[in-house]
Amino acid sequence: MNHKYLDTNKALWEELTEINIGSAMYDLEGFKQGAETLDPIELAELGDIKGKSILHLQCQFGQDAISLARKGAQVTGVDFSEKAIALAKGLSSEQKVPAEFICCNIYDLPQHLDKKFDTVFTSGGVLCWLPDLTKWAQLINQYLKPGGFFYIREFHPVSTVFSNDSEDTGLKARYSYFHQDQPLMWDDGYAYADHSKKTHNPSFEWQHPLADVVSSLLTVGLKIEFLHEFPYCSYDCFPFLEKGADGRWRFPGGNDLIPLMFSLKAFKPVEK
Ligand SMILES: C[S@@+](CC[C@H](N)C(=O)[O-])C[C@H]1O[C@@H](n2cnc3c(N)ncnc32)[C@H](O)[C@@H]1O
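Residues numbered from 1 in each chain as written. Predicted model: local features only at pLDDT ≥ 70, side-chain atom pairs only at ≥ 80, totals over all residues. Heavy atoms only, no water.

Caption draft 1: Focus on the sheet that holds strand 1 (residues 53–57). The mixed open sheet is built from seven strands, whose spatial order is 3-2-1-4-5-11-8. With partners counted over all chains shown, the strands left at the sheet margins are strand 3 (100–103) and strand 8 (223–230), one partner each. Across the sheet, the mean angle from the axis of one strand to that of its neighbour is 15 degrees, orientation sign disregarded. Note: strand 1 against strand 4 (residues 117–123), three bridges, orientation parallel. (Pairing = 2+ DSSP bridges. Helix = DSSP H or I, 4+ residues; strand = E, 2+ residues; numbered from the N terminus. Axes fitted to C-alpha atoms, helices over the stretch in contact; angles between N-to-C directions.)

Structural data, given as structure tokens:
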């Protein structure tokens, strides 16, 4: 797929990869010592993945893919950042945890990979980079074996309706909840994993309402097993959130105002 915005996003992700790999958020040293990088929600909901083949879409530099492989899964990770995939390959061999990594735009994956998987997995800041969820769902369906499942844990689209300026003290609705053909452009240099760093490329991001996520998967024939919404986030997506003892970021005073993350599992039915 050629898309005029994706080249700019790729350039941004080459910058972010360099920032992220050295950040406290991604804690590379801890990871090398064996720290878990999968989110507790994923750990609770994925089930036993030992011996399963997993396609990980938008895997960045492979920490989660290698975490899945550490649990005995055969993992193939895909990302369009060359730096991220080079780092992922290096980490996999340094850690002696075999995993395959492919560098490409996910929409071009059929030119690089012809295989079926038990599970397609993706998580944590992936959908906003994708212009077309219909093609995304077709890709997921194409790579799933009958009886296999798709799993996503993602930041909730309701949360991206509100501004997250550093001086904000509460929720201020600013952006549309609904999908627009034209992406939003961000050029504030924001580096989510290290607020002391600045990026130079802008980003182009698409809003995808939950209904579009669900409908795209239903349209290709997947059966939804569950859709969960969570009132907390894995990072400080608003400056006024408070971090709890469990490492989750919540609204002050324990007010569960809006959903900040969701997870969804959907099966590909076995053909009769
Ligand atoms: C926030 S990361 C998500 C990965 C994981 N949650 C993490 O934090 O490491 C988003 C990833 O999507 C990748 N990405 C964005 N658009 C893509 C595309 N069209 N094809 C492949 N990868 C893409 C970026 O390079 C980045 O590594």
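Here the narrative resumes.
Caption draft 2: The site of the ligand, seen in detail. The local shell around the ligand holds 16 residues, among which Tyr26, Gln60, Asp79, Ile106 and Ser123 are the closest. Residue glutamine 60 places a side-chain N or O atom 2.8 Å away from an oxygen atom belonging to the ligand. For the shell around the ligand, the class distribution of residues is eight nonpolar, seven polar and one charged. (Near = heavy atom within 4 Å. Polar contact = N/O pair within 3.5 Å; in protein donor to acceptor, adjacent residues only side chain to side chain. Nonpolar A, V, L, I, M, F, W, Y, C, P; charged D, E, K, R; others polar.)

Caption draft 3: Highlighting the state of the cysteines. The tally for this structure, following the rule as stated, stands at zero disulfides. The closest cysteine sulfur to the non-disulfide-bonded cysteine 233 is located on cysteine 237, 3.7 Å from its own sulfur. With a relative accessible area of 0%, cysteine 233 lands in the buried category. (Disulfide = S-S within 2.5 Å. Buried < 20%, exposed > 50% of the residue type's maximum accessible area, 1.4 Å probe, protein only.)

Caption draft 4: Up close: unusual backbone geometry. At glutamine 58, a position not held by glycine, the phi torsion is positive, near 60 degrees. Within the secondary structure, glutamine 58 sits in the loop between strand 1 and helix 4 (63–70). Residue lysine 96 is not a glycine yet carries a positive backbone phi of 55 degrees. According to the relative accessible area criterion, lysine 96 is exposed, its value standing at 72%.

Caption draft 5: Layout of the packing of helix 6 (residues 133–143) against helix 7 (residues 210–219). Two elements in contact, helix 6 and helix 7, have axes separated by 8 Å at closest approach and are oriented at 45 degrees. When the interaxial angle is binned, helix 6 and helix 7 end up oblique. Taken as a pair, helix 6 and helix 7 cross one another with a handedness that is right-handed. Residues Leu133, Thr134, Trp136, Ala137 and Ile140 of helix 6 pack against Asp212, Val213, Ser216 and Leu217 of helix 7. Of the residues in the contact of helix 6 with helix 7, the class split is six nonpolar, two polar and one charged. (Parallel < 35°, antiparallel > 145°, perpendicular 65-115°, else oblique. Left-handed = near helix turned anticlockwise from the far one by under 90°. Contact = heavy atoms within 4.5 Å.)

Caption draft 6: The arrangement of the side chain of glutamate 45 in detail. Position of glutamate 45 relative to the elements: it lies in helix 3 (residues 40–46). Buried charged residue glutamate 45 carries no salt bridge. Nearest counter-charge: arginine 153, at 7.8 Å. There is a polar contact of 2.7 Å between the side chain of glutamate 45 and the side chain of serine 263. (Lys, Arg positive; Asp, Glu negative; His and termini not counted. Salt bridge = Lys/Arg side-chain N within 4 Å of Asp/Glu carboxyl O.)

Caption draft 7: Local environment of helix 1 (residues 6–21). Between its first and last C-alpha atoms helix 1 spans 22 Å; for 16 residues at 1.5 Å apiece the expected length is 22 Å, and the two agree. Every buried residue of helix 1 is listed here: Leu6, Asn9, Leu12, Trp13, Glu14, Glu15, Leu16, Thr17, Ile19, Asn20 and Ile21. Buried residues along helix 1 sit against helix 2 (28–32), helix 5 (82–95) and strand 7 (203–205). (Expected span 1.5 Å × (residues − 1).)

Caption draft 8: Representation of the environment of arginine 70. Take arginine 70: it is sitting in helix 4. Along the backbone, arginine 70 and isoleucine 258 are 188 residues apart, and their C-alpha atoms lie at a distance of 34 Å.

Caption draft 9: Quick look at the pairing of strand 2 (residues 74–79). The buried fraction of strand 2 is high, at five of six residues. As paired elements, strand 1 and strand 2 share five bridges and run parallel to each other. Note that in strand 2 the partner of histidine 56 across the bridge is glycine 77. Read from strand 1 through helix 4 to strand 2, the crossover connection turns out right-handed. (Right-handed = clockwise from strand over helix to strand, strands pointing away.)

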